[in-house]
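Commentary on secondary and tertiary structure
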Amino acid sequence: MNQKTVIITGANSGIGKAATQKFAGEGHTVIMACRNHDKSQPIRDQIATETGNDRVHLEQVDMGSFESIRDFCSTYREKYQELDILIHNAAYFNHGAPYKQSPDGIEITFATNAAGPFLMTMLLRDLLSDSDDARILHAGSNIIKHFLNPKKEIDFDHLRNEPGNPREHSVYINYRNSKMALLMLTFKMAKEFADAGIKTYSLQINGATMSKEALMKVKPGWRIIARIQNLFFRPPEFTANLYYEICTSKRFRDTTGVHFNHKLDVMQPAKVDGGIITDIKQGVGADVYPAYALNEDVTEKVWSICCELTLAHSKLKS
Ligand SMILES: NC(=O)c1ccc[n+]([C@@H]2O[C@H](COP(=O)([O-])OP(=O)(O)OC[C@H]3O[C@@H](n4cnc5c(N)ncnc54)[C@H](OP(=O)(O)O)[C@@H]3O)[C@@H](O)[C@H]2O)c1
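Okay, so let's go over this structure. Computed from a predicted model, the values in this text were never measured in an experiment. (Residues numbered from 1 in each chain as written. Predicted model: local features only at pLDDT ≥ 70, side-chain atom pairs only at ≥ 80, totals over all residues. Heavy atoms only, no water.)

1. Thoughts on the site of the ligand
Near the ligand, the surroundings consist of 26 residues, among which Asn12, Ile15, Arg35, Asn89 and Tyr175 are the closest. Side-chain polar atom of Tyr175 to an oxygen atom of the ligand: 2.6 Å apart, as the coordinates give it. Notes on the ligand: free accessible area 910 Å², of which the protein chains cover 90%. Those elements that provide at least two residues to the shell around the ligand are helix H1 (14–25), strand S5 (134–141) and helix H5 (171–192). (Near = heavy atom within 4 Å. Polar contact = N/O pair within 3.5 Å; in protein donor to acceptor, adjacent residues only side chain to side chain. Areas by Shrake-Rupley, 256 points an atom, 1.4 Å probe, with all protein chains shown as cover. Helix = DSSP H or I, 4+ residues; strand = E, 2+ residues; numbered from the N terminus.)

2. Comments concerning the pairing of strand S3 (residues 56–60)
Where strand S2 (residues 29–34) and S3 come together, 5 bridges link them in parallel fashion. Paired with Ala33 across the two strands is Glu59, which belongs to S3. In terms of handedness, the path from S2 via helix H2 (residues 37–51) over to S3 forms a crossover that is right-handed. (Pairing = 2+ DSSP bridges. Right-handed = clockwise from strand over helix to strand, strands pointing away.)

3. Details of the packing of helix H4 (residues 108–130) against H5
The geometry of H4 relative to H5 is characterised by a closest axis approach of 7 Å and an angle of 20° between their N-to-C directions. Accordingly, the angle class assigned to the pair H4 and H5 is roughly parallel. Our pair here, H4 against H5, has a crossing hand that is right-handed. Residue-level inspection shows Thr109, Phe110, Asn113, Ala114, Pro117, Phe118 and Thr121 of H4 in contact with H5, the latter providing Asn174, Tyr175, Ser178, Lys179, Ala181, Leu182, Leu185 and Met189. (Axes fitted to C-alpha atoms, helices over the stretch in contact; angles between N-to-C directions. Parallel < 35°, antiparallel > 145°, perpendicular 65-115°, else oblique. Left-handed = near helix turned anticlockwise from the far one by under 90°. Contact = heavy atoms within 4.5 Å.)

4. Side note on helix H8 (residues 236–248)
One full turn of an α-helix is made of 3.6 residues, so residues set three or four places apart face in the same direction. In a regular helix each residue adds 1.5 Å, so 13 residues correspond to 18 Å; H8 covers 18 Å between its end C-alpha atoms and thus fits that length. Along H8, the positions that sit buried rather than exposed are Pro236, Thr239, Ala240, Leu242, Tyr243, Tyr244, Ile246 and Cys247. The secondary structure elements touched by the buried residues of H8 are H1, strand S4 (85–88), S5, strand S6 (198–205) and strand S7 (258–260). (Expected span 1.5 Å × (residues − 1). Buried < 20%, exposed > 50% of the residue type's maximum accessible area, 1.4 Å probe, protein only.)

5. Description of the environment of Gly207
Residue placement: Gly207 occurs in the loop between S6 and helix H6 (212–216). Separated by 28 residues in the primary sequence, Gly207 and Pro235 have C-alpha atoms spaced 8.7 Å apart. Dropping the residues within four chain positions of it, Gly207 is found in contact with Phe233 and Arg234.

6. What to know about the packing of aromatic side chains
Scanning the model with the defined rule gives 11 aromatic pairs in all. When the centroid spacing of 6.0 Å and the interplanar angle of 25° are considered together, the rings of Tyr201 and Phe260 count as stacked. Separated by 59 residues along the polypeptide, Tyr201 in strand S6 and Phe260 in strand S7 bring together distant segments of the chain. Like Phe260, Tyr201 is buried. A connected cluster of aromatic rings, assembled from ring pairs, spans Phe93, Tyr172, Tyr175 and Trp222. Lying over the aromatic face of Phe147, Arg176 brings its terminal NZ or CZ to 5.7 Å of the ring centre. Note that Arg234 overlies the ring of Phe238, its terminal NZ or CZ placed 4.4 Å from the centroid. (Phe/Tyr/Trp six-rings, centres within 6.5 Å; stacked < 30°, edge-to-face > 60°. Lys NZ or Arg CZ within 6 Å of the ring centre and 35° of its normal.)

7. Looking at the side chain of Thr121
Summarising the element assignment, Thr121 is placed in helix H4. Leaving out residues up to four positions away in the same chain, Thr121 has contacts with Leu86, His88, Ile136, Met189 and Phe193.

8. A word on the pattern of salt bridges
A side chain of one charge can pair with a side chain of the opposite charge if their charged atoms are brought near each other. According to the stated counting rule, one finds 13 salt bridges in the structure shown. For the salt bridge of Glu26 with Lys22, the shortest nitrogen-to-oxygen distance reads 3.1 Å. A relative accessible area of 32% means that Glu26 is categorised as partly exposed. Overlapping salt bridges, with partners in common, bring together Lys4, Asp133, Arg135, Lys199 and Arg253 in one network. (Salt bridge = Lys/Arg side-chain N within 4 Å of Asp/Glu carboxyl O.)

9. With respect to the state of the cysteines
The final tally for this structure, using the stated rule, is 0 disulfides. For Cys73, which is in no disulfide, the shortest distance to another cysteine sulfur is to Cys34 and amounts to 15 Å. The exposure class assigned to Cys73 is buried, which follows from its relative accessible area of 2%. (Disulfide = S-S within 2.5 Å.)

10. Side note on a nonpolar patch on the surface
Residues Ile224, Ile228, Leu231 and Phe232 make up a contiguous nonpolar surface patch of about 500 Å² in total accessible area. Along the chain, the position of Phe232 falls in the loop between helix H7 (220–230) and H8. On the accessibility criterion, Phe232 (68% relative accessible area) is exposed. (Patch = residues over 30% accessible without salt bridge, like charges linked within 9 Å, V, L, I, M, F, W, Y side chains within 5 Å.)

11. Topic: unusual backbone geometry
Non-glycine residue Leu264 carries a positive phi angle of around 65°. Secondary-structure assignment places Leu264 in the loop between S7 and strand S8 (268–269). Assessed through its relative accessible area of 8%, Leu264 is described here as buried.

As structure tokens, this is what we get:
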């Protein structure tokens with residue numbers, strides 16, 4: 001078997017944990033990139049024991065903190081030196097949570113779900129380019145369907161709590177903005193990294209059952225809704241198997257810059273002005289993503305904001 005070295009962020013619970021089990025069970029080297037080391041250590045130990053794979057490693061990282069990501073990447077380079085697969089699975093989404101900023105003064109959802117993954121990828125891309133089959137996977141969400149409404153746009157005016165633009169804080173708006181930004185980064189990185197042979201993919205996740213532990217992170221009122229959703233969602237192992245297929249299968253070796261659905265069909269941009277029936281079909285189906293994701297001006301803005309935010313941090317550090 002062609003053994004890979006894989007980083008999975010947020011590997012201590014839910015889909016990330018199930019993906020770690022899958023990759024480790026198949027004999028790959030897995031680096032679990034987790035925020036809470038003490039909480040994650042027994043999970044790492046359990047997976048290593050159950051799979052009989054002692055190449056399951058745990059490294060601490062807070063994906064919402066640029067300093068933590070830089071520390072992770074420099075430790076990673078020293079200890080592991082090679083990387084084939086980078087799975088950006090960790091995400092911030094907390095029902096009912098108040099407005100919060102990252103340690104770098106950025107709205108926490110965008111920092112954790114878009115700017116943080118961008119920085120980690122940029123800091124590790126040379127290792128990826130040394131791999132003969134490098135793949136990056138972004139965990140997307142069906143929340144981006146909101147952008148099928150042509151009036152919806154990413155709201156860049158609240159990333160740093162800019163004055164003069166009061167909008168009521170919404171966990172959902174922040175989350176959907178961050179996941180749309182991540183999809184745009186997927187398409188942009190595919191072009192930027194093509195010469196280096198690094199492929200980038202995004203997976204639209206429609207839902208995965210939340211573990212007891214994940215449920216406890218949710219505020220009690222919202223927990224009831226999450227429990228009801230759980231009745232309809234697939235287990236995390238289902239999505240973990242999709243991660244595995246996207247990142248290892250030969251059939252995607254020459255594919256890049258695509259957004260997959262849960263059947264691993266390549267999703268297509270939605271038709272705009274297709275009429276009400278088309279709108280309904282597109283809204284309920286899983287075949288298309290909003291055409292907004294291909295907006296080049298907005299994509300350039302996402303890219304330049306990510307560069308600006310992460311570069312500003314590196315200047316502060318030097
Ligand atoms: N579950 C769904 O219904 C659903 C639907 C659409 C998309 N998704 C996407 O699927 C991915 C996995 O979700 P899940 O359902 O498996 O969620 P989960 O069980 O809540 O796991 C999320 C993971 O991300 C980690 N994380 C959060 N903030 C972090 C940070 N700042 N730094 C490092 N790690 C951090 C968490 O660590 P801690 O344990 O330390 O908090 C946890 O390990 C996410 O990208 C999510 O947006 C999920």
